[in-house]
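# Residue-level structural notes
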Amino acid sequence: MFEWAHGIIDQMLTLIRAGIVVFAIITVSMIYARTKAVVPVAVAALLAGAVIWAVNNIDWFERKVGQETIALAPALAEPLLGADGLRFAAADGPGDERERAFHRA
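Residues numbered from 1 in each chain as written. Predicted model: local features only at pLDDT ≥ 70, side-chain atom pairs only at ≥ 80, totals over all residues. Heavy atoms only, no water.

## Observations regarding the overall build of the chain
Tallying secondary structure elements over the chain gives four helices and zero strands in all. Counted from the first residue to the last, the chain has its helices and strands arranged as α-α-α-α. In the chain, which comprises 105 residues, the proportion classed as buried is 9%. Counting contacts in the chain only where the partners sit at least 6 residues apart, residues at least 24 apart contribute 22% of the total. (Helix = DSSP H or I, 4+ residues; strand = E, 2+ residues; numbered from the N terminus. Buried < 20%, exposed > 50% of the residue type's maximum accessible area, 1.4 Å probe, protein only. Contact = heavy atoms within 4.5 Å.)

## Comments concerning helix 2 (residues 38–56)
Between its first and last C-alpha atoms helix 2 spans 27 Å; for 19 residues at 1.5 Å apiece the expected length is 27 Å, and the two agree. Listed as buried for helix 2 are Val41, Ala44 and Ala48. When helix 2 is viewed along its axis, its buried side chains cluster within an angular range of 65° and face the same direction. Exposed side chains of helix 2 directed beyond 90 degrees from the buried face belong to Val38, Val39, Leu46 and Leu47. On its buried side, helix 2 packs onto helix 1 (2–35). (Expected span 1.5 Å × (residues − 1). Arc of directions from axis to C-beta.)

## Section: unusual backbone geometry
We note that lysine 36 has phi near 55°; this positive angle belongs to a residue other than glycine. With respect to the element layout, lysine 36 can be found in the loop between helix 1 and helix 2. Residue classification places lysine 36 among the exposed positions, given a relative accessible area of 58%.

## Describing the packing of aromatic side chains
Overall, the coordinates contain three aromatic pairs when judged by the stated rule. For the pair tryptophan 53 and phenylalanine 61, a centre-to-centre distance of 5.8 Å together with 75° between the ring planes defines the contact as edge-to-face. Plain terms: the ring middles of tryptophan 60 and phenylalanine 61 are 4.9 Å apart, the flat faces sit at 75° to each other, and that makes the pair edge-to-face. Accessibility expressed as a relative area gives 32% for phenylalanine 61, which makes it partly exposed. An aromatic cluster is defined as three or more aromatic residues linked by ring pairs; in this entry it consists of Trp53, Trp60 and Phe61. Lysine 36 extends its terminal NZ or CZ atom over the ring of tyrosine 32, reaching a point 5.2 Å from the ring centre. (Phe/Tyr/Trp six-rings, centres within 6.5 Å; stacked < 30°, edge-to-face > 60°. Lys NZ or Arg CZ within 6 Å of the ring centre and 35° of its normal.)

## Quick word on the nonpolar core
Core analysis: the largest hydrophobic core is formed by five residues, namely Ala24, Val28, Val41, Ala44 and Ala48. Every element with two or more residues in this core is listed here: helix 1 and helix 2. Residues in contact with alanine 44, not counting those within four places in the same chain, are Val28 and Ile31. (Core = buried A, V, L, I, M, F, W, Y, C linked by side-chain atoms within 4.5 Å.)

## Some thoughts on the confidence of the model for the chain
When pLDDT is averaged along the chain, the result is 80; 68% of the residues meet or exceed 70. Across the chain, the secondary-structure element scoring lowest on mean pLDDT is helix 4 (residues 97–102), at 58, and the one scoring highest is helix 2, at 96. (pLDDT = per-residue confidence, 0-100.)

In structure tokens:
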């Protein structure tokens, strides 16, 4: 069951990636047909290339976010103590009294 679902998801991802490439080609072609100028076509091609790269390298973004999250984790893991001995986040807003009461040290 899971292998079948993974196969379908992989096929859908491949179809979506192919659709994005086709859409990028159509977009660059339409810009060329409308303007017949080099600069708009070059900009459209660069942006289309960036979008295609981003879609195909989503794992790179996930790794970067994971690294930054792990790098920030030690600073966020230390609880902040208030004057009354309550643990709370530095940015308190209205309605946080219930949360403070729940997190009494």
